[in-house]
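A structural walkthrough
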Amino acid sequence: MSTAPRRTAARPRAARLLPARVRPARLRPVLPVLLAAAALALPVGCAAPGELRDHGAVAPVTPSPARVPLWPSAPTASSPTPLEPTGSRSPEPAPQPVPDLTVPGQDITAVDVRALLAKDPGVTQDERRVLEPCPGCELRAPEYRDLTGDGRPELLLAVVLADTVVLHVYTASGERLLPIHRVSLRKEFGAETVGTDLWLYEPTGSFRTGRLYRWDGVRLVLADQKVEGIGPTPEPEPTPSATEKPVVEKPPAGRPTSVVGGVPVPVKPVPTAKPSAGAAPAPDADAAAAAKSAQPAPSRPAAPTATPVPEAKP
């Protein structure tokens, strides 16, 4: 009988390091449970790069109000109206309804604008001239825009006179009509609405003044004013430089001149006296000068030359 020590089969290194009660075969059922728990632990709403994500409902987008011109066929004015600061004015009383005038069915578009101008105490006698044939006067077609934000339109009237324009704005309060704005403008002004804002433009030269009116719960008040450039400023005309030399005109040929300060100046000929009857005519100065120049110049004697002296012989 052999007494050699009994050898056991070599065990894997990983199995030797684990306790006896923990075996790799027992770990296999636990791995799916751990992976599922890790997946549940990820934050909700996250996704891999490039995948879609759900961030919930999106707030609706409200478009900006568009600019809508008033009386677009009318040209733009060329001179502004001076503005009176609103802070310096005393509080005005609340507008009163136009007497003896009702809004049919609370529809402001059904109001007779000619009857309105005749009954409104805020309309002057000069403005009422548009109700009759008046040279240079005009009552523009009414415009309707919501300027108070209540969803119902207001009435805008422009009374054009010979040298000015008066803008009236009315709002309906039940069956009554309230005047909420009146302003005098230069002729051919520009106007537009942006949402419930009323803009009035008056350009002058290369600038344009814009005034913003808004509803304050009682009437339209001046809320903002801006001045913007609309064209280049004309450049001043160039002035002649002090270093530039004056241009001297040349006198006509054949006319006597005199030099003064290095500049030739033409000399006016002196008129000669008219010869009397029977007297010999005076010789012409030009003819005398021509005759003198035609005469030959007197010849000068030649300078005497020295006679050479013969040398003495030794």
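Residues numbered from 1 in each chain as written. Predicted model: local features only at pLDDT ≥ 70, side-chain atom pairs only at ≥ 80, totals over all residues. Heavy atoms only, no water.

**Considering the overall build of the chain**
Note the threshold: Only DSSP runs of H or I reaching four residues or more are called helices, and only runs of E reaching two or more are called strands; each is numbered from the N terminus. Relative accessibility thresholds used throughout: buried, under 20% of the residue-type maximum; exposed, over 50%; partly exposed, between the two (1.4 Å probe, protein chains only). We call two residues in contact whenever any of their non-hydrogen atoms come within 4.5 Å of each other. For every accessible area listed, the method is Shrake-Rupley and the probe measures 1.4 Å; residues are considered covered only by the protein chains on display.
On a plain count of helices and strands, the chain comes out with five helices and twelve strands. In the chain, which comprises 314 residues, the proportion classed as buried is 22%. Long-range contacts, defined as pairs at least 24 residues apart, comprise 48% of the intrachain contacts of the chain with a sequence gap of at least 6. Carbon and sulfur atoms make up 58% of the accessible area of the chain, which totals about 24000 Å².

**Quick notes on the side chain of Thr193**
As a reminder, the rule being used: Two N or O atoms count as a polar contact when they lie within 3.5 Å, although within protein this holds only if one can serve as hydrogen donor and the other as acceptor, and sequence-adjacent residues are included solely when both atoms are side-chain atoms.
Examined against the element boundaries, Thr193 turns out to sit in strand E7 (residues 190-194). Within the structure, Thr193 has its side chain in polar contact with the side chain of Arg145 (distance 2.8 Å). What Thr193 contacts, discounting residues up to four positions off in sequence, is Ala66, Arg67, Val68, Leu70, Arg145, Leu147 and Leu198.

**Points about the packing of aromatic side chains**
Let me state the cut-off plainly: For this analysis, a ring pair means two rings from Phe, Tyr or Trp (six-membered ring only for Trp) whose centres lie within 6.5 Å, classed as stacked if their planes differ by under 30 degrees, edge-to-face if by over 60, and tilted for the remaining angles. Two conditions define a charge sitting above a ring: the NZ of Lys or the CZ of Arg must be within 6 Å of the ring centre, and it must be within 35 degrees of the ring normal.
Throughout the structure, instances matching the rule amount to one aromatic pair. Judged by centre distance (5.9 Å) and plane angle (5°), the ring pair of Trp199 and Tyr201 falls under stacked. Overall, the relative accessible area of 8% leaves Trp199 in the buried class. Taking the ring centre of Tyr201 as reference, the NZ or CZ of Arg208 above it sits at 4.4 Å.

**Notes on the pairing of strand E5 (residues 165-173)**
How we decide: Any two strands are treated as partners once DSSP identifies two or more bridges connecting them.
The buried fraction of E5 is high, at eight of nine residues. The pairing of strand E4 (residues 154-160) with E5 spans six bridges and is classified as antiparallel. Each residue of the ladder has a partner; that of Ala158, found in E5, is Leu167. Taken together, E4 and the strand that follows it, E5, pair antiparallel across an intervening segment of four residues. Alignment of E5 against strand E6 (residues 176-185), held across nine bridges, turns out to be antiparallel. For Ala172, the partnering residue across the bridge sits in E6 and is Leu177. The loop that links E5 with its antiparallel partner E6 comprises two residues; one of these, Gly174, has a positive phi angle of about 70°.

**A word on unusual backbone geometry**
With the exception of glycine, most residues fall at negative phi, and the peptide bonds are largely trans. Look at Asp100: it is not a glycine, yet its phi comes out positive at around 60°. Relative to the helices and strands, Asp100 resides in the loop between strand E1 (67-70) and helix H4 (113-119). Judged by its relative accessible area of 68%, Asp100 falls in the exposed class. At Gln106, a position not held by glycine, the phi torsion is positive, near 55°.

**A word on the state of the cysteines**
Note the cut-off: For this text, the term disulfide refers to a pair of cysteine sulfurs within 2.5 Å.
Applying the stated criterion across every chain, the model contains one disulfide. Covalently, Cys134 is tied to Cys137 through a disulfide, its sulfur atoms 2.0 Å apart. On the basis of relative accessibility, which here comes to 19%, the residue Cys137 falls in the buried class.

**Remarks on the environment of Glu154**
With respect to the secondary-structure elements, Glu154 resides in strand E4. For the pair Glu154 and Glu143, spaced eleven residues apart in the sequence, the C-alpha separation amounts to 8.2 Å. When residues no more than four places from it in sequence are discounted, the contact partners of Glu154 are Ile108, Glu143, Tyr144, Arg145, Asp146, Leu147, Thr148, Val169, Tyr170, Thr171 and Ile180. One polar contact links the side chain of Glu154 to the main-chain amide nitrogen of Leu147, over a distance of 2.7 Å.

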